[in-house]
Amino acid sequence: MKGRLYQELILIVDFGTQYSQLVARRIREQHVYCEIVSPGRVLEEAKTKKPQGIILSGGVGSVFDDKATIPEELFNLGIPILAICFGYQVMVHVLGGKLVAKDIKQPKKATLTIKDSSDLFFNIKESAFLLSQDEVKEIPKGFEVIASAETVPNVAIRDPQRKLYGLQFSLEELHTSLGKSVLQNFLFKVCKLQGLWDMDQFINEVVKQIKEKVGTDKVICGLSGGVDSAVTALLVHKAIGDQLTCIFVDHGFMRQGEAEDVVTTYRERFNMNLVHVDASKRFVKLLEGITEPEQKRKIIGNEFIRVFEEEAKKIGDAKFLAQGTVYPDVIESGSGSSSVIKSHHNVGGLPEDLQFELIEPLRDLFKVEVRKVGEKLGMPAEMVWRHPFPGPGLAIRIIGEVTKPKLDLLRKADAIYIDEIKKHGLYNDIWQAFCVLTNTRTVGVLDDERTYAYVLGLRAVNSSDGMTANWYRFPYEVLDKISNRIMKELPEINRVVYDISPKPPSTIEWE
Ligand code: XMP
């Protein structure tokens, strides 16, 4: 969409790790809008978008063995730059300083001695912090040291003329109050920002833009039951009311009770035009014999759009398609420097002959911001805070071939799992919890009889945006209750296992 959603902007240069998203979220928490760009694009973006500041974020590499670099011109545009750990090395390298490679894999603890607290270290006292690996031996011309540590003289440097700052901080520091204070000082003291980014302003601006873009045309929007598509629909509905028709393609891979929820909420509560298409048979048929995860995803993604197009034709002359693409989808699908891991169907898998113009009002938002927008638009709390759910739904939580009996079984198991989590008051402590029906069967015993039934995987993770995740530490008695209930109520399952894999190296979903 055209037009600016923000008055103040920080650009973050992504050197190929997901840390740049962490930096971005920390900045947005400070009510400052920011965007992630690749090193190759930053100069052009800085010239056209004129940000108030730039952050060269960290990476896991080293300039000695990595080709990551940025044009020197960037440092002469008069835009303040904060270069953190790997970004610091890149800046020093480009501006003619010298680095020494240190063979430290883990960041090490040191005590920070501040020499100048007029800007970046304003109101910050000496404190313990974590040093990143390679050291700056010789600082570039025009720079001065503003903080050091015991054996490391150039922990923080500044070029006061050009307002360039380098910090040999480990990125883990961003979680601490030291890291937060430094970031706040950069934003508000150095870049002189006011912190104007908020969700009310975002909603007003987006609504205005949608109205302008759509005019008197018609828009259709696919509802999936997830937060992203729901918030998209609400935003578009706020802008153009009855010109929007929502199409709920029920692919049959939803959780228990979810399809009914979608229909009642949007028709009755929000008074929207809603077409409910029960396409479950069609989808299951298409997946017959398909076991390869990417193939499943592509088939579902494409079919989803095809059903849409059929329905849209029935509705008539819809020109636009509104989609719930969010910022991490945009980055994970390869717009930044990070590599493509899975084809998330709302970005990568669109058919090439798509007949609509796209409206993606949440493209610039992180999940937590999407939820805030949802709350402001009056979405019921249980929908706003519902755990994320993948577009292809339960089909990628059934390992191997997807069949109707397996779907019904998984729905029941999942409902028991979530019910117990809620009963124990843990639902809001967990980012995402779900069951996976494996295609492995094992031997068990029930009432002295041998059984041969499925193994069910339980997954629960914590994460801040799905990019990295760690498994949730359930109390044993909760796991005990869950597994007992599932095996008692569902004889088709005779073994329950708990997934203790972090992301990376695993992903959250199994397929
Ligand atoms: P992974 O499995 O990639 O998942 O670690 C990260 C987050 O994304 C969700 N996910 C999807 N969301 N369409 C979506 O809208 C998809 O195709 C898709 N695949 C995974 C997943 O549930 C987790 O929250």
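Above: the structure in question.
These numbers were taken from a predicted model, which means no experiment stands behind them.

(A) The sheet that holds strand S3 (residues 53-56), seen in detail. The strand order S2-S1-S3-S4-S11-S10-S9-S6-S7 describes an open sheet built from nine strands, whose pairing is mixed. At either margin of the open sheet sits one strand with a lone partner, and together these are strand S2 (34-37) and strand S7 (127-131). Strand-to-strand twist across the sheet, computed as the mean angle between neighbouring axes with direction ignored, equals 30°. With three bridges joining them, S3 and strand S4 (residues 81-84) adopt parallel strand pairing. Paired with Ile-54 across the two strands is Ile-81, which belongs to S4. In the packing of helix H1 (residues 19-29) onto the sheet, contacts are made with strand S1 (10-13), S2 and S3, and the angle to S2 comes to roughly 170°.

(B) Summary view of the pattern of salt bridges. Evaluated as defined, the whole model comprises 37 salt bridges. Between Lys-423 and Asp-419 there is a salt bridge, with its nearest N and O atoms 3.0 Å apart. Remark: Asp-419 and Lys-423 occur in helix H13 (residues 404-423); sequence separation between them is four residues, near one turn of the helix. The exposure class of Lys-423 is exposed, given its relative accessible area of 59%. With relative accessibility at 29%, the residue Asp-419 sits in the partly exposed group.

(C) Molecular detail of the pairing of S2. Residue alternation in S2 divides its side chains into two sets, Cys-34 and Ile-36 and Glu-35 and Val-37, and both sets are buried. Both S1 and S2 contribute to a ladder of four bridges, which runs parallel. Paired with Val-13 across the two strands is Val-37, which belongs to S2. Regarding the hand of the β-α-β motif, the stretch spanning S1, H1 and S2 is right-handed.

(D) The arrangement of unusual backbone geometry in detail. Backbone torsion omega between Lys-503 and Pro-504 reads -15°, so that peptide bond is classified as cis. Assignment of secondary structure puts Pro-504 in the segment after strand S20 (493-498). A cis geometry characterises the amide bond from Pro-504 onward to Pro-505, with omega recorded as 10°. If you trace the backbone, Pro-505 turns up in the segment after S20. Of note, Lys-50 is a non-glycine position whose phi angle comes to about 45°, a positive value. If you trace the backbone, Lys-50 turns up in the loop between helix H2 (42-49) and S3. The phi torsion at Asp-448 lies on the positive side, around 65°, for a residue other than glycine. Assignment of secondary structure puts Asp-448 in the loop between strand S17 (432-446) and strand S18 (449-462).

(E) Highlighting the sheet that holds strand S12 (residues 218-223). Spatially, five strands are ordered S14-S13-S12-S15-S16 in an open sheet, and the strand pairing comes out parallel. Only two strands of the sheet have a single neighbouring strand rather than two, namely strand S14 (273-278) and strand S16 (357-359). Strand-to-strand twist in this sheet, taken as the mean axis angle between neighbours without regard to direction, amounts to 30°. Note that S12 and strand S15 (residues 318-322) share four bridges and pair parallel. Residue pairing in the sheet places Lys-218 in a bridge with Ala-318 of S15. Where helix H6 (residues 227-240) meets the sheet, its contacts fall on S12, strand S13 (244-250) and S15, and the angle it forms with S12 comes to roughly 160°. Against the sheet, helix H7 (residues 258-269) touches S12, S13 and S14, its axis set at about 165° to S14.

Each value, and the rule that gives it
- As a convention, each chain's residues are numbered from 1 in the sequence order in which they are written.
- The model is predicted, so local features are restricted to residues of pLDDT at least 70 and side-chain atom pairs to those at 80 or more, both for listing and for counting; the totals for chains, interfaces and linings are taken over all residues.
- Each side-chain value is derived from all of the structure's non-hydrogen atoms; neither hydrogens nor water enter the calculation.
- Pairing between strands is defined by DSSP: at least two bridges between them are needed.
- For helices the rule is a DSSP run of H or I covering at least 4 residues; for strands it is a run of E covering at least 2, with both sets numbered from the N terminus onward.
- Note on method: axes are straight lines fitted to C-alpha atoms, helices fitted across the in-contact stretch only, with angles between N-to-C directions ranging 0 to 180 degrees.
- Contacts are assigned to residue pairs with any non-hydrogen atoms lying within 4.5 Å of each other.
- In the sections that follow, a salt bridge refers to a side-chain nitrogen of Lys or Arg positioned within 4 Å of a carboxyl oxygen of Asp or Glu.
- Relative accessibility under 20% of the residue-type maximum defines a buried residue, over 50% an exposed one, and the middle range a partly exposed one, all with a 1.4 Å probe and only protein chains included.
- Whether a crossover is right-handed depends on one test, that the path from the first strand over the helix to the second runs clockwise when the strands point away from the viewer.

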